[in-house]
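# Descriptive structure summary
If you want the building blocks of each chain, they are given just below.
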Amino acid sequence: MITVLKKGTTEEQMQTLIAWLREQNLEVHISRGSELTVLGLIGDTTHVDMDLIASLDIVDSCKRVSEPFKKCSRKFQPEDTVIEIGMAGTDKVRIGGGNFAVIAGPCSVETEEQVLCVAKAVKAAGATLLRGGAFKPRTSPYDFQGLKADGIELLLEAKKATGMPIVTEIMNAAHLPLFEDVDVIQVGARNIQNFELLKELGKINKPILLKRGLAATMKEFLMSAEYIMAGGNEKVILCERGIRTYETFTRNTLDLSAVPMLHELSHLPIIVDPSHATGVKTLVAPMAQAAVAAGCDGLMIEVHNDPTRALCDGAQSLTPEQFADTMRRVTRIRDVVTTI
Ligand code: PEP
Ligand code: MN
């Protein structure tokens, strides 16, 4: 249920109403926009007298929300969420609400030279966050599984050397202590419905990059974001990375309609990963451009200094030169999008 307060409602009047709603065992989510203040009521609202609330002097309207997602819903918070990333010693990066960010780096962290070389190159080309997998979810148990804790150490060294905040994937909540200095924790496509992991990430105060599952509907995608937010962590960035279809020339099928659809449904930022969405390096730039044209808040692109020797996802990895060219194209499209 949402309650929109009239302009001019005082803080005291609002707090009196909130206290009364809480007495009825409802959780109240407050969204203070520049124009309106919206109270999102979560819990069993069946017994709540909507007409009574609507009749209060300070209330503009009161409506039931039919969607099962609440905290991530645009109805609960009409204004875009802006997520600020970066700890002391790193550049501050904002994403969402008109702030555009590019995350780039190798699929997997392999060596110190590799991660440092790629970090410097992507930064020079305009990326603002460094990615790299330390814990790798691989289809085969015989494939490279990542450098794990050592991989995170190498990412932290690259962060120190470049000032770029880092993004890396978690696969098990028991590993959380290793992620203390990681700026953004990624939940990969395969873990989108690992609800116990999502609940643990709801208890921390760090941005979470949540990737869409291979076969997740947008509703399921948002429900997973809701799991994290329900625990108190509202810093969730959604990432469309393609879904499984009958097509085999591409690794997945990039669902670009998800960008404007999720923007309508949710206030959370949404970025696009054209690397995993296509699996083909020549398709990365065109799909990145299309994603920007569709209004995404950022991109995540895999870059390797020597893709032919990459331990993971070489076929979809761009060289630093190809990445710089992609950035040039993306920037031009973004210039157009922001002036329409
Ligand atoms: C990744 O980003 O390295 C990754 C494994 O992606 P996804 O979870 O989207 O497959
Ligand atoms: Mn990858």
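The structure contained in this document is the topic of the report that follows.

What counts, and at which threshold
- Residues numbered from 1 in each chain as written.
- Chains lettered and ligands numbered in written order.
- Predicted model: local features only at pLDDT ≥ 70, side-chain atom pairs only at ≥ 80, totals over all residues.
- Heavy atoms only, no water.
- Patch = residues over 30% accessible without salt bridge, like charges linked within 9 Å, V, L, I, M, F, W, Y side chains within 5 Å.
- Areas by Shrake-Rupley, 256 points an atom, 1.4 Å probe, with all protein chains shown as cover.
- Salt bridge = Lys/Arg side-chain N within 4 Å of Asp/Glu carboxyl O.
- Lys, Arg positive; Asp, Glu negative; His and termini not counted.
- Charge placed at Lys NZ, Arg CZ, Asp CG, Glu CD.
- Helix = DSSP H or I, 4+ residues; strand = E, 2+ residues; numbered from the N terminus.
- Pairing = 2+ DSSP bridges.
- Axes fitted to C-alpha atoms, helices over the stretch in contact; angles between N-to-C directions.
- Contact = heavy atoms within 4.5 Å.
- Buried < 20%, exposed > 50% of the residue type's maximum accessible area, 1.4 Å probe, protein only.

With that out of the way, let us pick up a negative patch on the surface. Together, E112, E113, D150, E153, E157, E180 and D181 line one region of the surface with negative charge. Listed by contribution, the elements that provide at least two residues to the negative patch are α3 (112-125) and α4 (149-162). The greatest single-element share of the negative patch, amounting to three residues, is contributed by α4.

Another point: the sheet that holds strand β10 (residues 184-187). Spatially, β7-β8-β9-β10-β11-β12-β13-β14 is the arrangement adopted by the eight strands of the closed barrel, whose pairing is parallel. Adjacent strand axes in the sheet meet at a mean angle of 25 degrees, parallel and antiparallel pairs treated alike. Pairing analysis gives two bridges linking strand β13 (residues 270-272) to strand β14 (residues 298-302), with the strands arranged parallel. Each bridged residue has a counterpart across the sheet, and for V272 the counterpart in β14 is L299. Running at roughly 170 degrees to β13, helix α7 (residues 258-265) makes contact with β12 (236-240) and β13 of the sheet.

As a further point, take the pairing of strand β3 (residues 37-42). Two faces, one strand: in a regular strand the side chains alternate between the faces of the sheet. Buried residues dominate β3, accounting for six of its six residues. Note that strand β1 (residues 2-5) and β3 share four bridges and pair antiparallel. Bridge pairing links V4 to V38 in β3. As defined by bridge partners, strand β2 (residues 27-32) adjoins β3 across six bridges and the pair is classed as antiparallel. Its bridge partner being in β3, H29 is matched across the sheet by G40.

Note that every value here comes from positions in space, so none of it alone points to a role or purpose.
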